[in-house]
Amino acid sequence: MKIKVTDFIENIQEEKFKQTKLDISKDDLLQEDLWSLNKTKEQLEKDLADNELSQIIIHVADAEFPIDYYLETGIINLPFADAKKVTHFFDDDAEAETKFYLSTVCDYLNVSKFHIDLISENSLKNDEIKHAMDIMKENYETSLENFSKKDEEEKEEK
């Protein structure tokens, strides 16, 4: 879907996009159960067919710490939260093609507590869905490892 940069920014700032929330379990994530991403694919494709921007939030409900994944239709590798910054990369009157991005937000992921990946240039194919799940699982495992180290460091300090 093509969209003017100014329209993209305006739609995000005015929250004129479809937002869907899904809860998944740690087990679904660790066993790489694709149900959540298949549901996500259906929603993204429906929104795209309706010429709507889309954000799907996948929350790991039983994780040891808060961790959320955002699948968004963006025009550059920036989350919706940073939509204003898009003007640093495009002319205001430019048109851009939307792409699918996966963001991970977690306090234990890395120093920035955030990571974003381009998942697809146009439609989500099965291998791209599998790749997205691999990224989600890897980011969870990295966060869990960092979380565990933090606990160990706190115990050593006492």
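Everything here concerns the structure above.
These numbers come from a predicted model, not from an experiment.

(A) Representation of the overall build of the chain in the model. Looking only at helices and strands, the chain features four helices and seven strands. Going from the N terminus to the C terminus, the chain shows its helices and strands as β-α-β-α-α-β-β-β-β-β-α. Taking 2.2 N^0.38 as the reference for a compact globule, 158 residues should give roughly 15 Å; the C-alpha atoms of the chain span a radius of gyration of 17 Å, in line with that estimate. Its C-alpha atoms put the chain at 55 × 30 × 25 Å along the principal axes. Sequence-distant contacts in the chain: of pairs separated by 6 or more residues, those separated by 24 or more amount to 67%. Put simply, the chain shows about 8,800 Å² of open surface, and 44% of that area lies on carbon and sulfur atoms. In the chain, which carries 20 positive and 39 negative side-chain charges, the distance between the mean positions of the two groups comes to 2 Å.

(B) How the structure looks around the nonpolar core. L29, L37, I58, I67, Y69, L102 and M136 are the most contacted members of the largest nonpolar core, which totals 26 residues. Ranked by residues supplied to this core, first place goes to helix α4 (residues 126-157) with seven residues. Apart from the residues lying within four places of it in its own chain, the contact partners of I58 are L22, I24, S36, L37, T40, I67, D68, Y69, L71 and M136.

(C) Layout of the packing of aromatic side chains. Tallying each qualifying case throughout the model produces six aromatic pairs. Centroid distance F8 to F80: 6.2 Å. Interplanar angle 75°. Geometry classified as edge-to-face. Of this pair, F8 sits in helix α1 (residues 5-13) while F80 sits in the loop between β4 (67-74) and β5 (95-97), placing them 72 residues apart in sequence. Taken together through their ring pairs, the aromatic side chains of F65, Y108, Y140 and F147 make up a single cluster.

(D) How the structure looks around the environment of E97. Tracing the backbone shows E97 in strand β5. For E97, a relative accessible area of 35% puts it in the partly exposed group. For the pair E97 and L37, spaced 60 residues apart in sequence, the C-alpha to C-alpha distance is 22 Å. Residues in contact with E97, not counting those within four places in the same chain, are M1, K2, G74 and I75. A distance of 2.6 Å separates the side chain of E97 from the backbone nitrogen of M1, its partner in a polar contact.

(E) Representation of unusual backbone geometry within the structure. Phi angles above zero are rare outside glycine, and E32 is one such case at about 55°. Here E32 is to be found in the loop between α2 (26-30) and α3 (35-49). The class of E32 is partly exposed, set by a relative accessible area of 23%. In this structure, N51 is a non-glycine residue whose phi angle is positive, near 55°. With respect to the helices and strands, N51 occurs in the loop between α3 and β3 (54-60). Judged by its relative accessible area of 59%, N51 falls in the exposed class.

(F) Highlighting the layout of surface pockets. Considered as a void within the structure, the largest pocket measures approximately 180 Å³ in volume. Around the largest pocket sit 13 residues that line it, and Q55, Y70, E72, F80 and A81 are the ones nearest its centre. For the lining of the largest pocket, the secondary structure elements donating two or more residues are β4 and β6 (99-106).

(G) Region of interest: the side chain of D68. Relative to the helices and strands, D68 resides in strand β4. Buried charge without a partner: D68 forms no salt bridge, and the closest opposite charge is K21, 8.9 Å away. Excluding residues within four positions of it along the chain, D68 makes contact with I57, I58, H59, S103, T104 and V105.

Quick notes on the rules
- Residues numbered from 1 in each chain as written.
- Predicted model: local features only at pLDDT ≥ 70, side-chain atom pairs only at ≥ 80, totals over all residues.
- Heavy atoms only, no water.
- Helix = DSSP H or I, 4+ residues; strand = E, 2+ residues; numbered from the N terminus.
- Rg over C-alpha atoms; globule rule 2.2 N^0.38 Å.
- Contact = heavy atoms within 4.5 Å.
- Areas by Shrake-Rupley, 256 points an atom, 1.4 Å probe, with all protein chains shown as cover.
- Lys, Arg positive; Asp, Glu negative; His and termini not counted.
- Charge placed at Lys NZ, Arg CZ, Asp CG, Glu CD.
- Core = buried A, V, L, I, M, F, W, Y, C linked by side-chain atoms within 4.5 Å.
- Buried < 20%, exposed > 50% of the residue type's maximum accessible area, 1.4 Å probe, protein only.
- Phe/Tyr/Trp six-rings, centres within 6.5 Å; stacked < 30°, edge-to-face > 60°.
- Polar contact = N/O pair within 3.5 Å; in protein donor to acceptor, adjacent residues only side chain to side chain.
- 1 Å grid on protein atoms, 1.4 Å probe; cavity = no way out; pocket = protein on both sides within 12 Å on 5 of 7 lines; lining within 4 Å.
- Points joined across faces, edges and corners; volume = space filled by probe spheres on them.
- Salt bridge = Lys/Arg side-chain N within 4 Å of Asp/Glu carboxyl O.

The analysis is restricted to geometry; functional conclusions fall outside its scope.
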